[in-house]
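Chain residues, written in single-letter form:
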Amino acid sequence: MLTKFETKSNRVKGLTFHPKRPWILASLHSGVIQLWDYRMGTLIDRFDEHEGPVRGVHFHNSQPLFVSGGDDYKIKVWNHKTHRCLFTLLGHLDYIRTVQFHHENPWIVSASDDQTIRIWNWQSRTCISVLTGHNHYVMCASFHPKEDLVVSASLDQTVRVWDIGSLKKKTVSPADDLMRFTQMNSDLFGGVDAIVKYVLEGHDRGVNWASFHPTLPLIVSGADDRQVKLWRMNETKAWEVDTLRGHMNNVSSVMFHAKQDIIVSNSEDKSIRVWDATKRTGIQTFRREHDRFWILAVHPEINLLAAGHDNGMIVFKLERERPAFALSGNSLFYTKDRFLRYYDCSTQKDSQVIPIRRPGTPSLNQSPRTLSYSPTENAVLICSDLDGGSYELYIIPKDSVGRSDVVQDAKRGTGGSAVFIARNRFAVLEKNTSQVLVKNLKNEVVKKSSLPIPTDAIFYAGTGNLLCRSEDKVVIFDLQQRLVLGELQTPFVRYVVWSNDMESVALLSKHTIIIASKKLVLQCTLHETIRVKSGAWDDNGVFIYTTLNHIKYCLPNGDSGIIRTLDVPIYITKVSGNTIFCLDRDGKNRAITINATEYIFKLALLRKRYDHVMGMIKNSQLCGQAMIAYLQQKGFPEVALHFVEDERVRFNLALESGNISVAVASATEINEKEQWYRLGVEALRQGNAGIVEFAYQQTKNFERLSFLYLITGKLDKLSKLMKIAEVKNNVMGQFHNALYLGDVKERVKILENAGHLPLAYITASVHGLKDVAERLATELGENVPSLPEGKTPSLLMPPSPVMCGGDWPLLRVMKGIFEGGLESAARGGAVDEEEEEDAGGDWGDALDMVDVDGMENRDIDAILEEAERGEDENDEEGGWEELEGLDLPPELDTPKASANARSSVFVTPTQGMPVSHIWSQKSSLAAEQAAAGSFDTAMRLLNRQLGIKNFAPLKSMFIDLFSGSQSYLRAFSSSPVVSLAIERGWSESSSPNVRGPPSLVYDFSQQEEKLKSGYKATTSGKLTEALRLFLSILHTIPLVVVESRSEVDEVKELVTIVKEYVLGLKMELKRRETKDDPVRQQELAAYFTHCNLQLPHLRLALFSAMGVCYKSKNLATAYTFAKRLLETNPMESQAKTARQIVQAAERNMTDTTELNYDFRNPFVICGSTYVPIYRGQKDVSCPYCTARFVPSQQGNICGVCDLAVIGADASGLVCSPSQVR
Amino acid sequence: MAGMGSGPDHLFNLRNTFYLGAYQTAINNSEIPNLSPEDAVERDCLVFRSYIALGSYQLVISEIDEAAATPLQAVKLLAMYLSSPDNKESTISSVKEWLADSTIGNNAILRLIAGTIFMHEEDYNEALKHTHAGGTMDLHALNVQIFIKMHRSDYAEKQLRVMQQYDEDHTLTQLATAWLNLAVGGSKIQEAYLIFQDFSERYPMTCLVLNSKAVCCMQMGNFDEAESLLLEALNKDAKDPETLANLVVCSLHVGKSSSRYLSQLKLSHPEHVLVKRVSSAEDNFERALQSIA
């Protein structure tokens, strides 16, 4: 049982869930009806108008109404919106036990101790039917959720089902109600609109409760005989199906679960029991110490139940609804019903993977709680509460995304929780000992480790690390180093979500989210009033999470906000850009698109990515007081400026961000004294004398102005001010200014004018203005003041200002990022294109500076990190001084034993056979022998098979084959390197210890590539290069190995193709050398045309032969070449020449010189002497390349391939293991 | 070989960095306070062995004086052996002398060094005489390698099983598993690859791990991936002999010229197996020519 909410109160007798809102009504024995919000846990309202206990209460399913009935015989209908009782239905003559609204008609059914059931119309507020027949208290009555039936239970030991079909018919016309009212009395006894359909007898004592199944024709009842009975009915009859025994006292209430195939009952024996409705067996029992249960309620929509007892009520769930899931990249594995399923976030395809439970296993809360997945091994760990905590390990077969219904024999074990900590290792928690077992995929214990704190759950924390949870803290523990990497005090952590880069972790508690670094350094804490359900990190490091009713975000600095509201709880599995992937409570995958603008914007601000910020300001609708307040609060008044139209706010923001020019503009707009004053203060702070002066002028603050002039040395303006003061008759101002100016005469004048003659006199005489002093002395007469003796007066002159005029020099600091964009971006419509461009330009500058800023930050981060690391190291080093035994195995604790062991018993094994030996023993392919290093064997094979005797051209290939047959593994430090034989034809299923043939550096496809290059070189006339390529093919083929027979034929074909080219090219090159022998030239050119060439090459050969012969005036021969050329459809340029030659030759079909060339007589060409060997003449051939030779060449090395001996005996090319087998 | 323990293992990181071939990192991060005397000696051994792996033999020889502990003296012997091939006879005789000394003859490091030296001498019999009993993870790992060199993977597997019993997740156990997997070949190569992959995810990439991965790739016939891994390794250390040697092999297979890497290897490591192989192959070829003529 998962308790969601609990209240303490007087005995709860009636309960009803609101169908939509998270509300529940509880009617109490004290007469009060309480309205609770069970999600927030608050009492919303109380309704206190009944006298005595209220036993029945029910919400209307669509109107803001509820009905209640109590021991005061009254049925009251209330509007919970207006908090008022709307009216009272009177009629029952004894306590009312239950009341219920009809799901569509305006009816209420009530059951009473007066032995009747009444049906009321709450619109006409009348009783429309009285159902009589029970002969004891009726304890309960309720409508069928769909059909026109009522079920009732009574202390007369019966359950009755009533047919109210006729009642419904009668009320079709609204006028009926009035008529019915008159009829009511006649109906009172033996009413006809509601007749008893079935009377269910079977209970031995009074029946307290009976209720319908929401969909099936079933009834369940509970009675004082401590039994729960299940009844079935059809059109004509109803019968008892089974009895559920187990309660130890009166069963007070019993119901079918709205969503699952179970029955829930409660009893005065202080227990709630859960039964399997199909098997009719008890599944679970929940007991309370002191409280007898009185009432049950089932939520009509969601998976919630409520039970009322002696001292309050509880709202609870029977089973967890969170599907277990694990995400890896785009792959989400999750459990649903009996199956492990797979969901691909990129394609949004959902498929069933394997069954994980046999069908029909009875269980509550035994379903998988957590899932852990190892992508490399394709293994899944499923943990559940079965057997007090256990896990199952499944290896997902590679090919089985099938419908197979066979449950794999999983590897199992018990343990608090189990998670993968490496590709092929998982950790299992032993709760009672706080130990962790590290196991391999065979479910064998590899290692045991005790944990540093009493742990009740473990979570993944990076490879080899575990996050251990206890009641009040979590630690990250490195299993190998046995070191605590981090520790954090937290509320009870339920879920742990790592960021994609494993740098940050979110710890989710019931009402708290803690974001910490990978070493559990606290970054921020968030509190929620509503339960936190799930979360995932987006790619930018923002944590997106859900509560029961919101999707929210949390920025790295702890700022959070709502992204959207939710109707039903969801469990986030992955966040990718604007898409949130989640599972709902039905185990369905959903992809929700959200508007991420707000948090992306805030994140950009936080990360100081001002370019993004600016882009977003320009392109998206981000406004509102909240955003401005946020910006101001976060110290970005200059950004906020962009959003504000109101001048006063703009002025404030401008001042805050020190943007004087905007402030001046705004101040001018507002033009009030206060703003000018504040502007002056800020301008003074910045030393912007011009603006200070302007602001002082605007406020007519002459004292400040004159002081400003004094310190900035603007004496001319100061004297002007003095004049103004004179005009304004401001004597003090005048005097001050005179003082500042050091103008003694003026001061004397002012004093004199003001009537202070003695002062004027003293001033004049002290400053040595004798004339004036004398004049004043006469005016004063006897009142001439005496001057102090013995003092030398000096003229008070203000010091000259350090800097005259102008603004204070300002350090050229980073220009406010937003200054540039300000003018253009802010003022709504006033933006014209030019300004826009300006802004762009400024942005260019600003960007650079952003970079600088970014770098600085990075540096600081780096320093910080270093500092942290330093600390960590200190941590590691301190503390754990406990020395853990020596690194010796137990049996070697005594050195003697091992000394003995090594001196006496051990016999060194004989050396095994290197792979290369195996190769050379097994193979009869020359290439493989060469790779194995058995050059002599390779040579012998080649000699035997192909008659090769000249191995010099093959030397480099032998060595390459040999060199390429081993790789080098540096294993143990400073020890000799390990050579590993590279084998050919590796596949995943190759069995170990079975040696494949050596991997060869040459293969057939390379030769085909070379052939293509050779053709290309031929076409472009690079004949030497072409010859080199073709020869290289001929030289490599003896050392090429192919797999199949058909490939062998291809190899052989390649040899003949290449041979023709080699021969042809050799002759052509020879022809070019023999310039002085035109006959031989013609002959060679002619023979070339008889090599088997590609068509373009043949054309070239013919063209050249034609030319050579024509030049030598052998027109008839040239004619034949021209004719042959024309037959090949040559290009027009060639064809034209050919036609001309044909024409010329037709006129004079003669040859001037005799050639050894008879094209009518088929011939081959000797590969060494380049003379035709006509059919019928004797010849010998090369055993390898099949070139033909005149018999005199017998025994020489082949002139074409340069490898084999002409006329030697040979068995033929062997280049595939398939030939050998 | 602490099986199950509770105290922290101060040298864990240092050992790992050493085993995975991050020798300079090991040296740089060797300042660990609060070490017990035994741990301190082990630390020093690791540091000096790192220097040896980097080729700084003289530094090791001059830093370790007469007063140093036996394990360090043993390490010094290795440095002497590797630094002057001409005087190796005298080094070997002092190794033998020390091994015969009952007070220090059983020292694990000494035996390890002896095993390493005799392995270089290709005297596996002598090497195993001192190492076969094991006693430390290092010794067992060395045994695995000796048996692999002897092409006796059955024996190597037995050694590995001992290691797995002590600590299956120990870096050396994992490495030795991978070595053996490579030696037996077939489907095991993939497992070896995964082990090196794990290392490369968990620790900073080293030439050693990159090379090992590349070797796996080559064994699986995936020469293109091997080449890119090796080039990455070459970036880290342009003179690493195994990187160069494997690049030679790899280039041959992908049909590129290998001569540049080979000449580099010949210049920097004239004693490398591949260099010797190539020159012996040339002689071999001439001899074969004569035998066939």
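An unreviewed UniProt entry lists chain B under the name Coatomer subunit epsilon, with Brassica campestris given as the organism. UniProt, in the comment section headed Subunit (unreviewed entry), describes chain B in these words: "Oligomeric complex that consists of at least the alpha, beta, beta', gamma, delta, epsilon and zeta subunits." Here chain B is described in UniProt, under the heading Sequence similarities (unreviewed entry), as follows: "Belongs to the COPE family."

A. Quick peek at the overall build of chain B. Counting its regular elements, chain B contains 17 helices and zero strands. In chain B, which comprises 293 residues, the share counted as buried stands at 60%. Expressed as a percentage of contacts within chain B between residues at least 6 apart in sequence, the contacts between residues at least 24 apart total 49%. When the accessible area of chain B is evaluated, it comes to approximately 11,400 Å², of which 48% is carbon and sulfur surface.

B. Up close: the pattern of salt bridges. Residues and elements named next belong to chain A. As enumerated under the stated definition, the model contains 58 salt bridges over all chains in all. With its nearest N and O atoms 3.2 Å apart, the salt bridge here joins arginine 288 to glutamate 6. Taken together, the residues arginine 288 in the loop between β25 (281-287) and β26 (293-298) and glutamate 6 in strand β1 (residues 2-8) connect sequence positions 282 residues apart. Residue classification places glutamate 6 among the partly exposed residues on the basis of a relative accessible area of 39%. For glutamate 682, the salt bridge is made with arginine 685, and the minimal N-O distance between the two is 2.7 Å. Of the two residues, glutamate 682 and arginine 685 are both situated in helix α9 (residues 673-686); the distance of three residues between them amounts to about one turn of the helix. Owing to a relative accessible area of 59%, arginine 685 belongs among the exposed residues under this scheme.

C. Looking closely at the packing of helix α23 (residues 955-963) of chain A against helix α17 (residues 273-292) of chain B. Two elements in contact, α23(A) and α17(B), have axes whose closest approach is 10 Å; the angle formed by their N-to-C orientations is 140°. By the criterion of interaxial angle, the relationship of α23(A) to α17(B) is oblique. Both α23(A) and α17(B) take part in a crossing whose hand is right-handed. Taken together, the residues of α17(B) that come into contact with α23(A) (itself represented by A:Lys955, A:Phe958, A:Ile959, A:Phe962 and A:Ser963) are B:Leu274, B:Arg277, B:Val278, B:Ala281, B:Glu282, B:Phe285 and B:Glu286. Considering only residue class, the contact of α23(A) with α17(B) consists of seven nonpolar, one polar and four charged.

D. Representation of the side chain of A:Asp45 within the structure. Residues and elements named next belong to chain A. Structurally, aspartate 45 is set in strand β5 (residues 42-47). Of the side chains with opposite charge, arginine 46 comes closest to the buried, unpaired aspartate 45, at an N-O distance of 7.5 Å. Of note is the side chain of aspartate 45, whose polar atom sits 2.4 Å from the side chain of histidine 83. Look past the residues within four positions of aspartate 45 in its chain and what remains in contact with it is Ile33, Gln34, Leu35 and His83.

E. Representation of the environment of A:Leu89 in the model. Residues and elements named next belong to chain A. Positionally, leucine 89 belongs in strand β9 (residues 84-89). Taking the C-alpha atoms as reference points, leucine 89 and lysine 74, separated by 15 residues in sequence, lie 6.1 Å from one another. Once you skip the residues sitting within four places of it in the chain, leucine 89 turns out to touch Tyr73, Lys74, Ile75, Ile108, Trp120, Arg125 and Thr126.

F. Representation of the side chain of A:His257 in the model. Residue and element names in this part refer to chain A. Here histidine 257 is to be found in the loop between β22 (251-256) and β23 (262-267). In this structure the side chain of histidine 257 is engaged in a polar contact, spanning 3.0 Å, whose partner is the side chain of asparagine 303. Ignoring anything within four residues of it in the chain, the contact list for histidine 257 reads Pro214, Ile262, Asn303, Leu305 and Leu318.

G. Layout of the interface of chain A and chain B. At the junction of the two partners, chain A supplies 90 residues and chain B supplies 107 residues. Contact between chain A and chain B buries roughly 8,800 Å² in total, counting both sides, with carbon and sulfur atoms accounting for 57%. Remark: the boundary between chain A and chain B carries six salt bridges. Residues A:Arg970 and B:Glu242 are paired through a salt bridge, measuring 3.2 Å at the closest nitrogen-oxygen approach. Scanning the region where chain A abuts chain B turns up 29 residue pairs in polar contact (both at pLDDT 80 or more). The set of elements that each furnish at least two residues to the side of chain A that touches chain B consists of β39 (435-440), β40 (445-450), α18 (833-877), α19 (895-905), α22 (935-946), α23, β56 (966-969) and β57 (978-981) of chain A. Here the residues of the side of chain A that touches chain B sort into 39 nonpolar, 29 polar and 22 charged.

H. Quick look at a negative patch on the surface. Residues and elements named next belong to chain A. A cluster of like negative charges, contributed by Glu1008, Asp1049, Glu1050 and Glu1053, occupies part of the molecular surface. For the negative patch, the element with the most residues is helix α26 (residues 1045-1073), which contributes three residues. Structurally, glutamate 1053 is set in helix α26. On the accessibility criterion, glutamate 1053 (47% relative accessible area) is partly exposed.

I. Fine view of the packing of aromatic side chains. Taken as a whole and judged by the stated rule, the model has 35 aromatic pairs over all chains. Summarising the aromatic geometry, the rings of A:Phe543 and A:Tyr545 are spaced 6.1 Å apart at their centres and angled 15° between planes, so their arrangement reads as stacked. Pair check on accessibility: A:Phe543 and A:Tyr545 agree, each one buried. Consider the rings of A:Phe935 and A:Phe958, whose centres lie 5.3 Å apart with planes at 70°: the pair is edge-to-face. Taken as a pair, A:Phe935 in helix α22 and A:Phe958 in helix α23 lie far apart in primary sequence, 23 residues in all. Through successive ring pairs, a cluster of aromatic residues spans A:Tyr1087, A:Phe1121, A:Tyr1157, A:Phe1159, A:Phe1163 and A:Tyr1174. Above the ring of A:Tyr495, the side-chain terminus of A:Arg322 is found at 3.4 Å from the ring centroid. Sitting above the plane of the A:Phe962 ring, B:Arg277 keeps its charged end 3.9 Å from the centroid.

J. Inspection of the nonpolar core at higher detail. Membership of the largest hydrophobic core comes to 207 residues, with the highest contact counts inside it found for A:Phe958, A:Phe1030, A:Tyr1184, A:Cys1185, B:Trp179 and B:Phe196. Among the elements that make up this core, the one with the highest residue count is α26(A) (ten residues). Sequence-distant contacts of A:Phe958, that is, excluding residues within four places in its chain, are made with A:Ala930, A:Phe935, A:Ala938, A:Met939, A:Leu942, A:Leu1039 and B:Phe285. Judged by nonpolar contacts, the second largest core, of 63 residues, contains A:Val542, A:Phe601, A:Leu679 and A:Ala683.

K. Inspection of the packing of helix α11 (residues 171-184) of chain B against helix α12 (residues 188-202) of chain B at higher detail. Residue and element names in this part refer to chain B. One can describe the packing of α11 onto α12 by two numbers: an axis separation of 7 Å at closest approach and a directional angle of 150°. In this view, α11 runs roughly antiparallel relative to α12, as classed from their interaxial angle. Remark: the crossing between α11 and α12 carries left-handed chirality. When α11 is examined against α12, the residues Thr171, Gln174, Leu175, Thr177, Ala178, Trp179, Asn181, Leu182 and Val184 are found in contact with a partner set consisting of Lys188, Ile189, Glu191, Ala192, Ile195, Phe196 and Phe199.

Cut-offs applied
- Within every chain, residues take consecutive numbers counted from 1 along the sequence as written.
- Each chain takes a letter, starting from A, and each ligand takes a number, starting from 1, following the order in which they are written.
- Local features in a predicted model are, by the rule used here, given only for residues with pLDDT of at least 70; side-chain atom pairs are given and counted only at 80 or more, and totals for whole chains, interfaces and linings are based on all residues.
- With hydrogens and water stripped out, all remaining heavy atoms of the structure feed into the side-chain values.
- UniProt positions are given in the numbering used here, feature names are shortened, and annotations may be inferred rather than shown by experiment.
- Helical segments are the DSSP runs of H or I of at least four residues, strand segments are the runs of E of at least two, and each set is numbered from the N terminus.
- Working definition: with a 1.4 Å probe on protein chains only, accessible area under 20% of the residue-type maximum means buried, over 50% means exposed, and in between means partly exposed.
- In this analysis, two residues are considered to be in contact whenever any of their non-hydrogen atoms come within 4.5 Å of each other.
- To measure how exposed things are, a 1.4 Å probe is used in the Shrake-Rupley method; for residues, cover is taken only from the protein chains shown.
- Note on definitions: salt bridges are taken to be side-chain nitrogens of Lys or Arg within 4 Å of carboxyl oxygens of Asp or Glu.
- A fitted line through C-alpha atoms serves as each axis, taken over the contacting stretch for helices, and the angle formed by two N-to-C directions is quoted from 0 to 180°.
- Throughout, the term roughly parallel applies to angles under 35 degrees, roughly antiparallel to angles over 145, roughly perpendicular to angles from 65 to 115, and oblique to all others.
- The crossing is said to be left-handed when, going from far helix to near helix, the turn is anticlockwise and less than a right angle, and right-handed when the turn is clockwise.
- Gly is placed with the polar residues, together with every amino acid not listed as nonpolar (Ala, Val, Leu, Ile, Met, Phe, Trp, Tyr, Cys and Pro) or charged (Asp, Glu, Lys and Arg).
- For this count, His and the chain ends are skipped, Lys and Arg are scored as positive, and Asp and Glu as negative.
- We define a polar contact as two N or O atoms separated by no more than 3.5 Å, with the added condition that, inside protein, one atom must be a possible hydrogen donor and the other a possible acceptor, whereas residues neighbouring each other in sequence contribute only through side-chain atom pairs.
- Accessible surface is computed with a 1.4 Å probe, and the buried area is the amount of it that two parts give up when combined, taken over both parts together.
- What goes into a patch is any residue over 30% in relative accessible area without a salt bridge, connected to like charges within 9 Å or, for nonpolar side chains (Val, Leu, Ile, Met, Phe, Trp, Tyr), within 5 Å.
- A charge is said to be at NZ when it belongs to Lys, at CZ for Arg, at CG for Asp and at CD for Glu.
- Any two rings among Phe, Tyr and Trp, with Trp reduced to its six-membered ring, count as a pair given centres within 6.5 Å; such a pair is stacked if its planes are under 30 degrees apart, edge-to-face if over 60, and tilted if neither.
- Placement of a charge over a ring requires the Lys NZ or Arg CZ to be within 6 Å of the ring centre, with the centre-to-atom vector within 35 degrees of the ring normal.
- Side-chain atoms within 4.5 Å link the members of a nonpolar core, which is a set of buried Ala, Val, Leu, Ile, Met, Phe, Trp, Tyr and Cys residues.

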